[in-house]
Amino acid sequence: KWEGKTQSADSRKYLTGLNNILMYARNAEVRHFVYISSDCVYEKSYPTAIGEGVPPAPVSVKGMSVFQGETMALAFWQATGMEVSVLRLADMYFVPLDESECRDEYTKLCCDAVMKGHITADSKRVRAPLFVGDAVHALFLLISAQERKRRLYHISAREVASQYDVAQAIMGALDQTLMLADSSAGSADRVILSGAAFEEEFDFGARTRFQ
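Residues numbered from 1 in each chain as written. Predicted model: local features only at pLDDT ≥ 70, side-chain atom pairs only at ≥ 80, totals over all residues. Heavy atoms only, no water.

Asks: Please explain the state of the cysteines as it appears in this structure.
Replies: Each disulfide is one covalent bond, formed between the sulfur atoms of two cysteines. Counting across every chain of the model gives zero disulfides. The cysteine C102 is free of any disulfide, with C111 supplying the nearest cysteine sulfur at 4.3 Å. Assessed through its relative accessible area of 14%, C102 is described here as buried. There is no disulfide at C110, and the cysteine sulfur nearest it, in C102, is 7.4 Å away. Residue classification places C110 among the partly exposed positions, given a relative accessible area of 35%. (Disulfide = S-S within 2.5 Å. Buried < 20%, exposed > 50% of the residue type's maximum accessible area, 1.4 Å probe, protein only.)

Here is the structure:
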């Protein structure tokens, strides 16, 4: 869960588990191993879209662990020759079945709107929300291709939105009176992955808008 005092233990379990999976994949003669990473490896604000050549800047235990996972997977490719792809996915959201599945920041905002009647959102937190169905489509395109030009790709929606923009969209979709508060403070928090390389190579475009 990457929370509280268990973060160090979570990191050890995560990286140990990944190493075991890589070893089993090699023994099973897996042709193509895909490590799904995320934009959490970038933990500062960027004024422009982030291409694959921009060095990660993890700060949290989770961010550093996920980036170590990337490094481990790519090193395994270099050492064994097993093809490895790393996919960094933008902030994802999906349609939950119940309240317990409201784990991402967008479904949590929806849950607050329905359950509490008010939303607190940060206008300085800017992302390109990616629907899980679009992420799966991108993954399908990657693994079904005859060959891949890169080892590392960024997957993102083209539509950029602040958390406050998303909250306003939620308010517009619900037929009830809601309170909306802006919780922004301090400096900007803008992390937008550039998916241009993947879009060009695989003719991909996110189809689901958050609005």
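Don't stop here, the text continues.
Asks: Would you take a moment to explain the nonpolar core for this structure?
Replies: Within soluble globular proteins, side chains that are nonpolar tend to cluster in buried spots. Ranked by internal contacts, the top residues of the largest apolar core, which has 36 residues, are F33, Y35, Y42, M82, I155 and F198. When contributions to this core are tallied by element, the ones reaching two or more residues are α1 (7–27), β1 (32–38), α2 (61–80), β2 (83–89), α4 (132–144), β7 (152–155) and α6 (196–202). Grouped together as the second largest cluster of nonpolar side chains are 11 residues, L109, I119, V166 and L178 included. (Core = buried A, V, L, I, M, F, W, Y, C linked by side-chain atoms within 4.5 Å. Helix = DSSP H or I, 4+ residues; strand = E, 2+ residues; numbered from the N terminus.)

Asks: Would you explain the packing of α1 against α2 in this entry?
Replies: The axes of two packed helices give the description: the angle between them and the distance between them. Direction vectors running N to C along α1 and α2 enclose 20°, while the axes themselves pass 10 Å from each other. Classified by the interaxial angle, the pair formed by α1 and α2 is roughly parallel. For the element pair α1 and α2, the recorded crossing hand is right-handed. Counted together, Q7, S11, Y14, L15, L18, N19, L22, M23 and R26 of α1 and V61, S65, V66, Q68, G69, M72, A73, F76 and T80 of α2 form the full contact between these two elements. (Axes fitted to C-alpha atoms, helices over the stretch in contact; angles between N-to-C directions. Parallel < 35°, antiparallel > 145°, perpendicular 65-115°, else oblique. Left-handed = near helix turned anticlockwise from the far one by under 90°. Contact = heavy atoms within 4.5 Å.)

Asks: What is the right way to look at unusual backbone geometry in this model?
Replies: Both trends apply: most residues other than glycine have a negative phi, and most peptide bonds are in trans. Of note in this structure, E29 is not a glycine but carries a positive phi near 60°. Tracing the chain through its elements places E29 in the loop between α1 and β1. In the Ramachandran plot, D203 falls in the positive-phi region, its phi being about 55° despite a non-glycine side chain. In this fold, D203 is placed in the segment after α6.

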